[in-house]
Amino acid sequence: MMITLKEAATKILAANKILITAHVQPDGDAIGSTLALMQMLRSLGKEAEIFIDDSVRKNLHALPHFEKIRRPKAEEKFAADLMIVLDTSLDRIGVVKNLTDAPILNIDHHVTNKGGDFDLCVETEAAATCEIIFKLARELEADITPEVATCLYTGLATDTGFFQFSNTRAQTLAAAAELITLGVSPNFISEQLEKKSLAEVRGLSAALNSLKMFYDDKVAGITIDHATAKTFDSTEGFIDEIRVIETVDVAFLITEKAPKICRVSMRSKGVNVAQIADKLGGGGHVRAAGCTLKTSLDEAEKILVAAIGEAL
Ligand code: 5GP
Ligand code: MN
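Source: prediction; values computed, not measured. (Residues numbered from 1 in each chain as written. Chains lettered and ligands numbered in written order. Predicted model: local features only at pLDDT ≥ 70, side-chain atom pairs only at ≥ 80, totals over all residues. Heavy atoms only, no water.)

1. Here we look at empty space enclosed by the protein
Right, so step 1: Per the stated rule, a full pass over the model turns up one cavity of 30 Å³ or more.
Right, so step 2: Quantified by volume, the largest cavity comes out at close to 50 Å³.
Right, so step 3: For the lining of the largest cavity, the element with the highest residue contribution is helix α6 (residues 186–194), accounting for four residues.
Right, so step 4: Of the residues contributing to the lining of the largest cavity, the split by class is six nonpolar, three polar and no charged. (1 Å grid on protein atoms, 1.4 Å probe; cavity = no way out; pocket = protein on both sides within 12 Å on 5 of 7 lines; lining within 4 Å. Points joined across faces, edges and corners; volume = space filled by probe spheres on them. Helix = DSSP H or I, 4+ residues; strand = E, 2+ residues; numbered from the N terminus. Nonpolar A, V, L, I, M, F, W, Y, C, P; charged D, E, K, R; others polar.)

What follows is the structure in structure tokens.
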């Protein structure tokens, strides 16, 4: 059931022991929003714990209270009276789904989030889930400490490509400005986030070497095989290097995470890639979306190129 942010706040205030989670392959918005909400809830005297069913790329480890994020074991249980799922629909939270039978509150900004038999507060105009959590702080009358502000700013910055993408709106910048007033150091966050390992830069170089163009250069794609992919923990930003090609409308990156497990990322300047991803079992936003294809790298590329061709 769709509920407003005010109603979501009422549900949160009525709960005492709260489990917070976000999507696997967590990004700055997933980690920033969960850490910010955990701190806000603890400051209101609630018990709040974060569980995420995945490892987190290294350059997010510098966020305040990062060490409190727990990775659940397969059979683990957690007694809670509310589970809050941030920045994703429920299909991408892994085994966290089985941790508790508590009622679910889902707060998200993805247009492909179809909800289910639980409370859903989705704001597709928000640039990031952190933009929604920023507003939620007001509804909860929770303090935005400099540490909370740092987490929220990280989500705003990463989901907007540092305030460059089309999802950047006046409210995003107004929130970022207020977070800076509250103590955020933008250059500290940028310096943490731009860090890459040597293996990652070598991986980027290999990925760029794999560049292929399709459909009169309207589509650009790069791939990373498993042997290369296992040497580093993030491909963040790789796709942006080919999105910039002037003729390109759709850019894609396929990473072979494991044999027959291919992660797909898409970016577009016009075509609705959320729709393409949705058809392939994934989701996302109109201009940034993804999915997982359980095939070989070559097969994944064929399937994806065909699906993009249909959408063009
Ligand atoms: P990225 O390419 O950065 O991994 O993802 C782009 C956007 O699409 C993000 O907002 C991300 O949450 C969403 N997305 C990526 N993969 C999937 C997927 O498999 N399922 C769904 N529902 N969303 C995805
Ligand atoms: Mn997000």
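2. Overview of the nonpolar core
Right, so step 1: Counting residues in each nonpolar core, the largest one holds 55 residues, and the members touching the most others are L37 and I84.
Right, so step 2: Considering each element in turn, this core owes the most residues, eight residues, to helix α2 (residues 28–43).
Right, so step 3: Apart from residues lying up to four places away in sequence, L37 is in contact with I20, I84, L86, I133, L136 and L140.
Right, so step 4: By size, the runner-up hydrophobic cluster in this structure holds 21 residues, among which are V250, F252, L293 and V305. (Core = buried A, V, L, I, M, F, W, Y, C linked by side-chain atoms within 4.5 Å. Buried < 20%, exposed > 50% of the residue type's maximum accessible area, 1.4 Å probe, protein only. Contact = heavy atoms within 4.5 Å.)

3. Considering the coordination of the manganese ion (ligand 2)
In an ideal tetrahedron of four donors about a metal, each angle is 109.5 degrees. In an ideal octahedron of six donors, the angles are 90 or 180 degrees.
Right, so step 1: Bound to the manganese ion (ligand 2) on the protein side are D29 (OD), D87 (OD), H109 (NE2) and D159 (OD), at distances that span 2.2 to 2.4 Å.
Right, so step 2: Look at where the donors of the manganese ion (ligand 2) fall in the sequence and you get D-x57-D-x21-H-x49-D. Separated by 22 residues along the polypeptide, D87 in the loop between β3 (82–86) and β4 (104–108) and H109 in the loop between β4 and β5 (119–122) bring together distant segments of the chain.
Right, so step 3: Relative accessible area serves as the criterion here: at 1%, H109 is assigned to the buried category. (Donors = N, O, S within 2.8 Å, 3.2 Å for Na, K, Ca; no water.)

4. Things to note about the site of ligand 1
Right, so step 1: Near ligand 1 there are 13 residues, and of these H110, R263, S265, R267 and G283 occur at the shortest range.
Right, so step 2: Burial of ligand 1 by the protein chains amounts to 82% of its free accessible area of 500 Å².
Right, so step 3: Contributions of two or more residues to the shell around ligand 1 are made by β9 (261–268), β10 (283–284) and β11 (288–293).
Right, so step 4: Broken down by element, the shell around ligand 1 gets its largest block of residues, four residues, from β11.
Right, so step 5: Taken together, the residues that form the shell around ligand 1 break down as three nonpolar, seven polar and three charged. (Near = heavy atom within 4 Å. Areas by Shrake-Rupley, 256 points an atom, 1.4 Å probe, with all protein chains shown as cover.)

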